[in-house]
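Commentary on secondary and tertiary structure
In case you want the letters, here they are:
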Amino acid sequence: MKPINAAQIARHISKIATIGILGWTSALLTLVIALSSGYSFINPAFNSFLYYSLFLCPTILFIFFAASTLPKVLKVIGCCVLLPVSLVFLLGLLMTGPDIRTILRDRVDPSDEFICSVPLGSSRIAAYRTNGGATTNFGVDIMRQRFILPGIKHSVGERYEYGAADVELDPIDKLQLRCHICPTDDGVFLEDSIITAQ
């Protein structure tokens, strides 16, 4: 049996790592596209895991390029492109780090806090309080949601009001409900809206 030298082992490991990293990146990007289309997990911890995985993606690709057996020119180009991108993404990860601890502990996303929901036809109307941090005001986001698979929902925006912090969803009948958003932080009274089943 012909012995396998260290260089061959390194090449095999590099090929396996390449396939694994490219597969992981493709799956991650596919999930991100799905989330941007309105699909999301019911458990906010899963959404946060996907979000933070995306932040780590450039760093993992940078490490792969730096440790790979690719030609030197490709390694230098890849590292030069990915290094500044990785630093920016890691900075964003550090700035939003406390949120993930809150989400994992309380299973509540402080940037998109659930307020209430009312069934309407084959879907439900759900209200969320948005919070972009200390430099922004609260907002109220009204979403029409359908549960596609166990643990997965599809959401479509119905109404959003920046500056408001609370809302009441009052059923009129089985096919209609009244959405009453409480006055904004500036004392502005907003008109009620009627949402119908689809």
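Quick caveat, the model's predicted, so the values are computed rather than measured.

Side note on a nonpolar patch on the surface
- On the surface, Tyr-39, Ile-148 and Leu-149 cluster together into a nonpolar patch covering about 290 Å² of accessible area.
- Within the element layout of this structure, Ile-148 appears in strand β4 (residues 138-149).
- Residue classification places Ile-148 among the partly exposed residues on the basis of a relative accessible area of 45%.

Notes on the environment of Ser-122
- By secondary structure assignment, the location of Ser-122 is in the loop between β2 (112-120) and β3 (123-131).
- Residue classification places Ser-122 among the exposed residues on the basis of a relative accessible area of 56%.
- Look past the residues within four positions of Ser-122 in its chain and what remains in contact with it is Arg-146 and Gln-198.

Describing the pairing of strand β5 (residues 152-162)
- By the bridge criterion, three bridges tie strand β1 (residues 39-41) to β5 in an arrangement that is antiparallel. Across the sheet, Phe-41 pairs through a bridge with Ile-152, a residue of β5.
- By the bridge criterion, ten bridges tie β4 to β5 in an arrangement that is antiparallel. Residue pairing across strands places Gly-139 opposite Tyr-162, the latter belonging to β5.
- What sits between the antiparallel neighbours β4 and β5 is a turn of two residues, in which Gly-151 has the positive phi angle 90°.

Regarding the packing of aromatic side chains
- Throughout the structure, instances matching the rule amount to one aromatic pair.
- Ring geometry for Phe-114 versus Tyr-128: centroids 5.6 Å apart, planes at 70°, classification edge-to-face. Here the residue Phe-114 occupies a position in strand β2, and Tyr-128 occupies one in strand β3, the gap between them amounting to 14 residues.
- Accessibility expressed as a relative area gives 40% for Phe-114, which makes it partly exposed.

A look at the pattern of salt bridges
- Per the counting criterion, the structure on display carries three salt bridges.
- One salt bridge connects Glu-158 with Arg-144, and the closest N-O pair in it is separated by 2.8 Å. Of this pair, Glu-158 sits in strand β5 while Arg-144 sits in strand β4, placing them 14 residues apart in sequence.
- Among the residues examined, Glu-158 registers a relative accessible area of 32% and is labelled partly exposed.
- The class for Arg-144 is buried, based on a relative accessible area of 4%.
- Salt-bridge contacts for Glu-161 lead to Arg-159; the nearest nitrogen and oxygen are separated by 3.2 Å.

Some remarks on the sheet that holds β1
- Here five strands make up an open sheet; going across it, the order is β1-β5-β4-β3-β2 and the pairing antiparallel. On the outer flanks of this sheet lie β1 and β2, each paired with one strand and no other. The mean angle between the axes of side-by-side strands here comes to 35°, regardless of whether they run parallel or antiparallel.

Concerning the pairing of β4
- Pairing between β3 and β4: eight bridges, direction antiparallel. Residue pairing in the sheet places Ile-125 in a bridge with Arg-144 of β4.
- Between β3 and β4, which follow one another and run antiparallel, lie six residues, and Gly-133 among them has a positive phi close to 115°.

Parameters and conventions
- Residues numbered from 1 in each chain as written.
- Predicted model: local features only at pLDDT ≥ 70, side-chain atom pairs only at ≥ 80, totals over all residues.
- Heavy atoms only, no water.
- Patch = residues over 30% accessible without salt bridge, like charges linked within 9 Å, V, L, I, M, F, W, Y side chains within 5 Å.
- Areas by Shrake-Rupley, 256 points an atom, 1.4 Å probe, with all protein chains shown as cover.
- Salt bridge = Lys/Arg side-chain N within 4 Å of Asp/Glu carboxyl O.
- Helix = DSSP H or I, 4+ residues; strand = E, 2+ residues; numbered from the N terminus.
- Buried < 20%, exposed > 50% of the residue type's maximum accessible area, 1.4 Å probe, protein only.
- Contact = heavy atoms within 4.5 Å.
- Pairing = 2+ DSSP bridges.
- Phe/Tyr/Trp six-rings, centres within 6.5 Å; stacked < 30°, edge-to-face > 60°.
- Axes fitted to C-alpha atoms, helices over the stretch in contact; angles between N-to-C directions.

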